[in-house]
Amino acid sequence: MPDNSELRENFDYFDSDNNGAIDKDEFANLLDALGADMSAEEVVIGFEVIDTNGNGRIEFDEFLNWWTSR
Ligand SMILES: [Ca+2]
Ligand SMILES: [Ca+2]
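Residues numbered from 1 in each chain as written. Chains lettered and ligands numbered in written order. Predicted model: local features only at pLDDT ≥ 70, side-chain atom pairs only at ≥ 80, totals over all residues. Heavy atoms only, no water.

Per an unreviewed UniProt entry, the chain goes by the name EF-hand domain-containing protein and belongs to Sediminihaliea albiluteola.

A count of helices and strands for the chain gives four helices and two strands. Scaling as 2.2 N^0.38, a compact globule of 70 residues should have a C-alpha radius of gyration of about 11 Å, and the chain matches this with 11 Å. In terms of overall dimensions, the chain has a C-alpha envelope of 35 × 25 × 20 Å along the principal axes. By the burial criterion, 33% of the 70 residues in the chain qualify as buried. Put simply, of all contacts in the chain between residues at least 6 apart along the chain, 38% involve residues at least 24 apart. For the chain, the distance from the average position of its 4 positive side-chain charges to the average position of its 18 negative side-chain charges is 3 Å. (Helix = DSSP H or I, 4+ residues; strand = E, 2+ residues; numbered from the N terminus. Rg over C-alpha atoms; globule rule 2.2 N^0.38 Å. Buried < 20%, exposed > 50% of the residue type's maximum accessible area, 1.4 Å probe, protein only. Contact = heavy atoms within 4.5 Å. Lys, Arg positive; Asp, Glu negative; His and termini not counted. Charge placed at Lys NZ, Arg CZ, Asp CG, Glu CD.)

It is worth spelling out the coordination of the calcium ion (ligand 2) at this point. At this site the calcium ion (ligand 2) is bound by Asp51 (OD), Asn53 (OD1), Asn55 (OD1), Arg57 (O), Glu59 (OE), Glu62 (OE) and Glu62 (OE), with donor distances of 2.3 to 2.5 Å. Going along the chain, you hit the donors of the calcium ion (ligand 2) in the pattern D-x1-N-x1-N-x1-R-x1-E-x2-E. With a relative accessible area of 33%, Arg57 lands in the partly exposed category. (Donors = N, O, S within 2.8 Å, 3.2 Å for Na, K, Ca; no water.)

Listed below in structure tokens is the structure:
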């Protein structure tokens, strides 16, 4: 099990409303901060790929799975 504390900090930081999940607006901010050069359309596609249970929010485990599989 890798040390995910830094990733957790980033996740919490970009979870601006502290509801325990990243929504689309928060996700766009996160990608900007990571320096990802993605169009609005790519952001939506990326969001749907990461949101594996399709509930419209990225929970930390979904974020972690995506991050570790990049
Ligand atoms: Ca949130
Ligand atoms: Ca989800």
